[in-house]
Amino acid sequence: QVQLVESGGGSVQPGGSLRLSCTTSESIFSFNAVGWYRQAPGKERAMVAVKPNWGSSQYADPVKGRFTVSRDNANTVYLQMNSLEPEDTAVYYCYGRSGGREHWGQGTQVTVSS
């Protein structure tokens, strides 16, 4: 069973930084792509950043220049978030796509407030 577990969420002040981690139950290279989505209260889940196994990473417009998705060479996906804004407040979900299916983590809360 494919499992993804996020960590690193929490509360920060505007302008602060946070780094999310996602540990996968199998090699990251078993996935066609890995990345992050987020869901704010009352809104639908939206893509934040996606990193294909091979190719350029994709970022949602609101986070371009502030967020960076990366991975190690084993089983961890990262989301470095800088210059955080209150609008970034949401539950962040790690995801991985493999075998034509999308797999999701349980989510981790990120709150940006003064």
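Heads up: the structure comes first, above all this text.
Everything quoted here is computed from the prediction, not taken from an experiment.

Caption draft 1: Quick peek at the packing of aromatic side chains. What the rule picks out here adds up to 3 aromatic pairs. Judged by centre distance (5.0 Å) and plane angle (90°), the ring pair of Y37 and Y95 falls under edge-to-face. One end of the pair, Y37, is in strand β4 (residues 33-39); the other, Y95, is in strand β9 (residues 90-98), and 58 residues separate them in sequence. There is no split in this pair, since Y37 and Y95 are both buried. Measuring from ring centre to ring centre gives 5.0 Å for Y37 and W104, while their planes differ by 80°; the resulting arrangement is edge-to-face. You can see Y37 sitting in strand β4 and its partner W104 sitting in strand β10 (residues 101-104), a full 67 residues away along the chain. Here the aromatic cluster, defined as three or more aromatic residues joined through ring pairs, consists of Y37, Y95 and W104. Residue placement shows R19 over the ring face of Y78; its charged tip is 4.0 Å from the ring centre. A cation sits over an aromatic face here: R45 above W104, 3.9 Å from the ring centre.

Caption draft 2: Representation of the nonpolar core. If you look at the biggest cluster of nonpolar residues, it comprises 26 residues, and the most contacted ones within it are L20, W36, V48, F67, L79, M81 and Y92. Among the elements of the structure, β3 (18-24), β4, β5 (46-52), β7 (67-71), β8 (76-81), β9 and β11 (108-112) are those that each provide at least two residues to this core. Not counting the four nearest positions on each side in its chain, L20 is found in contact with S7, G8, G9, W36, V77, Y78, L79, M81, Y92, T108 and V110.

Rules behind the numbers
- Residues numbered from 1 in each chain as written.
- Predicted model: local features only at pLDDT ≥ 70, side-chain atom pairs only at ≥ 80, totals over all residues.
- Heavy atoms only, no water.
- Phe/Tyr/Trp six-rings, centres within 6.5 Å; stacked < 30°, edge-to-face > 60°.
- Helix = DSSP H or I, 4+ residues; strand = E, 2+ residues; numbered from the N terminus.
- Buried < 20%, exposed > 50% of the residue type's maximum accessible area, 1.4 Å probe, protein only.
- Lys NZ or Arg CZ within 6 Å of the ring centre and 35° of its normal.
- Core = buried A, V, L, I, M, F, W, Y, C linked by side-chain atoms within 4.5 Å.
- Contact = heavy atoms within 4.5 Å.

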